[in-house]
Amino acid sequence: MKRIYYYYAALAGFFGLFALLMAWNTVLMPSTRFPVAMVLLVSVTPLLLPFRGLLHGNLKSCTWMSYVSLIYFVHGVAEAYANPVERYYALAEIGLSLLLCFGAGLYVYKADNN
């Protein structure tokens, strides 16, 4: 496969994960214990740290984005196991985080091997 397809997969995973986290924490299942703004700050900020570099195709930022996406994978697995009400949202989080992780990782791998 061409390297650009992995980059598009990483972008699709990123924007899908971002949209899912925003919708999940605001519209679909807002928190009753914590303010929504704090939940969004904690859940979305790590995803935004390497975002600029990902948009520019920076290999170091793509590597970091791949690492950061694993946090969301772990969160999705824990939510899917512990909370049956939100299981489908958690499974979507797992899928999108894996798409982001493998897309960014394979983009970097292809860049180093060409």
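We now turn to the structure provided with this report. (Residues numbered from 1 in each chain as written. Predicted model: local features only at pLDDT ≥ 70, side-chain atom pairs only at ≥ 80, totals over all residues. Heavy atoms only, no water.)

Looking only at helices and strands, one finds five helices and zero strands in the chain. If you list the helices and strands of the chain from N to C, you get α-α-α-α-α. Taken against the 2.2 N^0.38 rule, which gives 13 Å for 114 residues, the C-alpha radius of gyration of the chain at 15 Å falls within 12% of a compact globule. Over its C-alpha atoms, taken along the principal directions, the chain stretches across nearly 50 × 25 × 20 Å. A buried classification covers 37% of the 114 residues belonging to the chain. Taking the contacts inside the chain whose residues are at least 6 apart along the sequence as the reference set, 70% of them involve residues at least 24 apart. (Helix = DSSP H or I, 4+ residues; strand = E, 2+ residues; numbered from the N terminus. Rg over C-alpha atoms; globule rule 2.2 N^0.38 Å. Buried < 20%, exposed > 50% of the residue type's maximum accessible area, 1.4 Å probe, protein only. Contact = heavy atoms within 4.5 Å.)

Glancing now at the nonpolar core. Judged by nonpolar contacts, the single largest core of 19 residues is most densely connected at L47 and L100. The set of elements that each furnish at least two residues to this core consists of α1 (3–28), α2 (36–48), α4 (59–82) and α5 (87–112). Among the elements that take part in this core, α1 stands out by supplying seven residues, more than any other. Once residues lying within four places of it in the same chain are set aside, the contact partners of L100 are A10, G13, F14, L17, L47, M65 and S69. (Core = buried A, V, L, I, M, F, W, Y, C linked by side-chain atoms within 4.5 Å.)

We now examine the environment of S43. Note that S43 resides in helix α2. Taking the relative accessible area as the measure of exposure, S43 reaches 15% and is therefore buried. Sequence separation between S43 and F18 is 25 residues, and the spatial gap between their C-alpha atoms is 9.6 Å. With sequence-adjacent residues up to four places away left out, S43 is seen in contact with L21, N25 and Y72. A polar side-chain atom of S43 sits 2.8 Å from the main-chain carbonyl oxygen of V39. (Polar contact = N/O pair within 3.5 Å; in protein donor to acceptor, adjacent residues only side chain to side chain.)

Compared with the 18 Å implied by 1.5 Å per residue over 13 residues, the 18 Å span of α2 between its first and last C-alpha is a close match. Within α2, burial applies to V39, L40, S43, V44 and L47. Of the surrounding secondary structure, the elements contacted by the buried residues of α2 are α1, α3 (51–56), α4 and α5. (Expected span 1.5 Å × (residues − 1).)

Following both chains from N to C, one finds α1 and α4 inclined at 45°, their axes separated by 12 Å at the closest point. It follows that α1 is oblique to α4 by the angle criterion. The hand of the α1/α4 crossing is left-handed. Side by side, α1 and α4 meet where R3, F14, L17, L21 and W24 of the first sit next to L59, M65, Y72, H75 and E79 of the second. Broken down by class, the residue content of the contact of α1 with α4 amounts to seven nonpolar, one polar and two charged. (Axes fitted to C-alpha atoms, helices over the stretch in contact; angles between N-to-C directions. Parallel < 35°, antiparallel > 145°, perpendicular 65-115°, else oblique. Left-handed = near helix turned anticlockwise from the far one by under 90°. Nonpolar A, V, L, I, M, F, W, Y, C, P; charged D, E, K, R; others polar.)

Any functional reading would require information that these geometric values do not contain.
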